[in-house]
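Structural description and commentary
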Amino acid sequence: MSKLNIAVAGSSGRMGQALLAAVLKDSSLHLQVALEKEGSPYLTKNVGTLTGIPSNVIITDDFSTALLGSDILIDFTQPEGTIRHLAVCRAKGIKMVIGTTGFSVEQKNMLKEASNDIALVVAPNMSVGVNITFKLLDIAAKALGEGYDTEIIEAHHRHKVDAPSGTALHMGEIVAKATENNLSEIAVYGREGNTGERSSSSIGFSTIRGGDIVGDHTAMFIGTGERIEISHKASSRATFTNGALRASHFLADKDKGIFDMQDVLGLQ
């Protein structure tokens with residue numbers, strides 16, 4: 001069986017470095033190219049300087065040319081960058097594993113349009129454990145029904161730029177869909193002052209930013225006399241990189257379409 005040729009975007013970032021190392025350690029994958037944005041101080045440096053693992057791959061910003069020969073681009077960057085990369089991959093027939101969060105509605109539509117030509121795995125969280133958590137949330141929300149208030153609490157490192165996290169928002173979307181609601185109509189993103197009584201159908205979000213927290217998420221179903229909490233806590237970025245590699249293998253025989261980690265794990 002031939003190896004999958006993998007490209008990694010945002011190579012010098014925290015997730016980028018973790019992805020580079022994971023690909024280099026996987027005997028079924030070949031690191032084809034490491035990409036960075038124009039002006040990055042890491043350009044022309046060897047990947048080994050970031051990972052400590054011997055490699056002959058040099059970091060480049062030449063997306064259009066460097067991607068030739070790649071089967072899959074793994075992208076955990078920012079929405080604007082991912083959309084630029086999407087256009088190149090769509091034109092060249094290169095599949096993508098996308099862990100970027102914070103997409104606008106318009107950008108999400110662009111992903112769907114591109115999936116008519118290439119295969120994509122798009123997930124706000126690639127962690128296997130988090131995606132099991134998503135499934136548990138769906139089961140709990142459907143079983144509990146009315147009478148339980150839903151609150152979602154998430155915590156991340158000080159460098160995270162979007163809030164609430166994409167994972168927290170997806171948790172809210174799952175609960176809203178399970179209870180036949182639209183999250184955009186019932187979400188509450190902050191409370192201050194005299195807010196009045198809580199609406200029974202609302203889903204509240206609380207955000208914590210600090211230190212080096214990799215990612216903590218808790219959904220609380222709060223009823224009368226009891227409280228159910230479903231939590232996931234990540235202590236290492238390895239949980240996300242492992243999921244990204246599983247998603248890459250999943251795409252190996254896919255020509256087009258848009259998938260998520262529930263598809264990758266067979267949880268649909």
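Further up the page is the structure itself.
Residues numbered from 1 in each chain as written. Predicted model: local features only at pLDDT ≥ 70, side-chain atom pairs only at ≥ 80, totals over all residues. Heavy atoms only, no water.

Things to note about helix 4 (residues 79–92)
Helix length check: helix 4, at 14 residues, gives a terminal C-alpha distance of 20 Å against a target of 20 Å (1.5 Å per residue), a fit within 8%. Inspection of helix 4 places P79, G81, T82, I83, H85, L86 and C89 among the buried residues, and these make up the whole buried set. Of the surrounding elements, those touching the buried residues of helix 4 are helix 3 (63–66), strand 4 (72–75), strand 5 (95–98), helix 5 (105–114) and strand 6 (119–122). Positive phi shows up at G93, right after helix 4, with a value of about 70 degrees. (Helix = DSSP H or I, 4+ residues; strand = E, 2+ residues; numbered from the N terminus. Expected span 1.5 Å × (residues − 1). Buried < 20%, exposed > 50% of the residue type's maximum accessible area, 1.4 Å probe, protein only. Contact = heavy atoms within 4.5 Å.)

A closer look at the sheet that holds strand 8 (residues 187–188)
On the basis of which strands lie adjacent, the open sheet formed by 5 strands has the order 8-9-7-10-11 and mixed pairing. Only two strands of the sheet have a single neighbouring strand rather than two, namely strand 8 and strand 11 (227–234). Sheet topology note: the strand 10 (residues 215–222)/strand 11 ladder contains 8 bridges and is antiparallel. In the strand pairing of strand 11, G215 is matched with A234. (Pairing = 2+ DSSP bridges.)

Structural notes on the nonpolar core
In terms of nonpolar packing, the biggest core is built from 37 residues, with I6, I74, V97, V121, M126, L251 and M261 touching the most fellow members. For this core, the element with the most residues is helix 9 (residues 238–251), which contributes 6 residues. With near-sequence residues (within four places) excluded, V97 lies in contact with I72, L73, I74, D75, V121, M126, A244, A247, S248 and L251. (Core = buried A, V, L, I, M, F, W, Y, C linked by side-chain atoms within 4.5 Å.)

Topic: the packing of aromatic side chains
All told, the structure shown has 2 aromatic pairs when counted by the stated rule. Between F250 and F259 the ring centres are 5.3 Å apart and the planes differ by 80 degrees, which places this aromatic pair in the edge-to-face class. Given the relative accessible area of 19%, F259 is considered buried. (Phe/Tyr/Trp six-rings, centres within 6.5 Å; stacked < 30°, edge-to-face > 60°.)

Some remarks on the pattern of salt bridges
Scanning the entire structure with this criterion turns up 9 salt bridges. The shortest N-O distance in the salt bridge between K142 and D138 comes to 3.3 Å. Within this pair, K142 and its partner D138 are both found in helix 6 (residues 128–144), separated by 4 residues, close to a single helical turn. For K142, a relative accessible area of 54% translates into the label exposed. Salt-bridge contacts for E151 lead to R191; the nearest nitrogen and oxygen are separated by 2.8 Å. Here E151, found in strand 7 (residues 149–156), pairs with R191, found in the loop between strand 8 and strand 9 (203–209); they are 40 residues apart in sequence, far enough to count as distant. Accessibility expressed as a relative area gives 12% for E151, which makes it buried. Among the residues examined, R191 registers a relative accessible area of 44% and is labelled partly exposed. (Salt bridge = Lys/Arg side-chain N within 4 Å of Asp/Glu carboxyl O.)

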